[in-house]
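Descriptive analysis of the structure
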Amino acid sequence: MNYIDNRVENLKFAYIGGGSRNWAWGLMSDLAVAKDICGTIYLYDIDFEAAKHNEQIGNGIEESDWKYVAVKTIDEALDGADFVIISILPGTFDDMESDVHLPEQYGIYQSVGDTTGPGGVVRALRTLPMFETIAKEIEKHCPDSWVINYTNPMTVCTDVLYRTFPKIKAFGCCHEVFGTQTLLAKMLDEKLGIKGVKREEIRSDVIGVNHFTWLTSAQYNNMDLFPIYREFAEEHRENGYDYMLDIEHINNAWRHLEKVKFDLFLRYGYIAAAGDRHLAEFCPGSWYLDNPDQVWDWGFGLTPVSWRKDDLKSRLERAERLISGEEKFKISPTGEEGVNQIRALLGLKDLVTNVNIPNVGQVPNLPLGAVVETNATFRANSLKPVFADGVPKEIYPLISRISGGQQLLVDAIVERDIDKAFLVFANDPLTRLPLNKARELFDRMIANTSKYLGMYNIKK
């Protein structure tokens, strides 16, 4: 790469999962408007044809200064890369269908099923061995690169990158906190008539684990937002607050009225900072996910994998239109921080935002080495966590149980110990089954995705 007049040129990015029709297109859009960086994106995916389609789409964006190249080997993508972006689908949507919907036969409902709960555990069993391979390849081909992970389960994926290659410079990037900052900006308009507040103007202390992140403080200018948020939560606890309707269509699969978020604040006094569909899965199943009627009453949706399959079909059809020229690629900034994080690491700006990295003491009452989500400062070739006061005692039992389970799950996968993984599965707050029934469900879910699990010693 070369620095010329506050512009960085000739960057090399490796995009692992380069056949994505979601994150990849978003990255293309964000890069097209970042005029102070340019270079080449090498797209690697096990589906080479999908990566090739993205090559054509990316190179067809008139406003972009970037070149896109689909490659057939991960070595070609990684060799000498400055940045590595990982966004993969571990398995297929058929595998995810088992992850999410087979537990329903046992009375277990999951609103997402990709991070925690039975679905998250089994997804991790597929995913983490893939991440071990990726980490080894990064160590071989580009050990000094910065690595951005978007793949779920975010926490354990990031953890295994460090366990496999301890000197890796990796972090997990998630947008869930941004939605809560946006909600607080909407609150300022409704409660105080302060209009036009950008979510970046909401300053907050962030602590927790991915998708179960909490704000322990929040300010706008010098204004403490917690007392205002308490009034806001009390006012909307019954009917919820659908702030998304004015910016995008939300169907029942993605419904969330923030009622879970408000309830958790009114219980514990801290702002749960992810979407309701994620937050509910980290809590005991009887609270919000006992049955579909209860889910509906709490104002969020169970996202069926059938919806994801239909959405993929729509994206494939759009890809064909983009390739043929029937549809023009529309530049639409995503609101993600990935490109700004890259610009900050290149020395083009400073940035403070939430990330997932190993605990080096920034959360003093969670185990060292566990991947946690807090704020961090990005500067030229530097990522430093912002140290927090620790998880407040009111929410510590909730978060420490999850963090401990995540660490045990990574241990189990690294050791290829399927029985140890079952301990995490059985102890998950959503499982709520006698041990024999939990084992029966676990074994059935493992059998449904067994073609990806050959590295484990699974008893027939």
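For the structure, see preceding data.
Presented here is an overview of the structure given in this document. (Residues numbered from 1 in each chain as written. Predicted model: local features only at pLDDT ≥ 70, side-chain atom pairs only at ≥ 80, totals over all residues. Heavy atoms only, no water.)

Quick notes on the side chain of His141
When you line up the elements, His141 lands in helix α5 (residues 117-141). Among the residues examined, His141 registers a relative accessible area of 16% and is labelled buried. The residues touching His141, leaving out its near neighbours within four places in the chain, are Asp75, Leu78, Asp79 and Gly80. (Helix = DSSP H or I, 4+ residues; strand = E, 2+ residues; numbered from the N terminus. Buried < 20%, exposed > 50% of the residue type's maximum accessible area, 1.4 Å probe, protein only. Contact = heavy atoms within 4.5 Å.)

Observations concerning the nonpolar core
Ile16, Val84, Trp214 and Tyr229 are the most contacted members of the largest nonpolar core, which totals 102 residues. Aside from chain neighbours lying at most four places away, what touches Trp214 is Asp205, Val206, Ile207, Leu264, Tyr268, Tyr270, Ile271, Ala272, Ala273, Ile395, Leu398 and Ile399. Listed in part, the 42 residues of the second largest apolar core include Ile85, Leu322, Ala344 and Leu345. (Core = buried A, V, L, I, M, F, W, Y, C linked by side-chain atoms within 4.5 Å.)

Some thoughts on the environment of Ile138
For Ile138, the location among the structural elements is in helix α5. Here Ile138 falls in the buried class, since its relative accessible area comes to 0%. Through-space distance from the C-alpha of Ile138 to that of Leu78 is 6.6 Å; in sequence the pair is 60 residues apart. Excluding residues that lie within four positions of it along the chain, Ile138 makes contacts with Leu78, Val84, Pro143, Ser145, Val147, Phe165 and Ile168.

So, empty space enclosed by the protein
Rolling a probe over the atoms, with the probe sized like a water molecule, indicates the empty space that remains. Counted according to the given criterion, the structure contains one cavity of 30 Å³ or more. The space that makes up the largest cavity amounts to roughly 30 Å³. Tyr15, Ala24, Leu27, Met28, Ile41, Leu43 and Tyr68 are the residues that line the largest cavity. Residue assignment for the lining of the largest cavity shows that the elements contributing at least two residues are α1 (23-33) and β3 (37-44). For the lining of the largest cavity, the leading source of residues is α1, giving three residues. Here the residues of the lining of the largest cavity are counted per class, giving seven nonpolar, no polar and no charged. (1 Å grid on protein atoms, 1.4 Å probe; cavity = no way out; pocket = protein on both sides within 12 Å on 5 of 7 lines; lining within 4 Å. Points joined across faces, edges and corners; volume = space filled by probe spheres on them. Nonpolar A, V, L, I, M, F, W, Y, C, P; charged D, E, K, R; others polar.)

Overview of the packing of aromatic side chains
Inspection of every chain in the model, using the stated rule, returns 18 aromatic pairs. Aromatic side chains Tyr288 and Trp298 sit 4.8 Å apart centroid to centroid with 85° between the ring planes, which places their arrangement in the edge-to-face category. Within this pair, whereas Tyr288 is found in helix α11 (residues 285-288), its partner Trp298 is found in the loop between α12 (292-297) and α13 (305-324), the two being separated by 10 residues in sequence. When its relative accessible area of 0% is taken as the criterion, Tyr288 is described as buried. Summarising the aromatic geometry, the rings of Phe425 and Phe442 are spaced 5.0 Å apart at their centres and angled 65° between planes, so their arrangement reads as edge-to-face. Here the residue Phe425 occupies a position in helix α16 (residues 418-427), and Phe442 occupies one in helix α17 (residues 435-448), the gap between them amounting to 17 residues. Phe442 shares its class with Phe425; the two are buried. An aromatic cluster of at least three residues, connected via ring pairs, comprises Phe226, Tyr229, Phe232, Tyr241, Phe262 and Phe265. Positioned over the ring face of Trp296 is Arg255, at 3.6 Å from the centre of the ring. The ring of Tyr456 has Arg416 sitting right over it, with the charged end atom 5.9 Å from the ring centre. (Phe/Tyr/Trp six-rings, centres within 6.5 Å; stacked < 30°, edge-to-face > 60°. Lys NZ or Arg CZ within 6 Å of the ring centre and 35° of its normal.)

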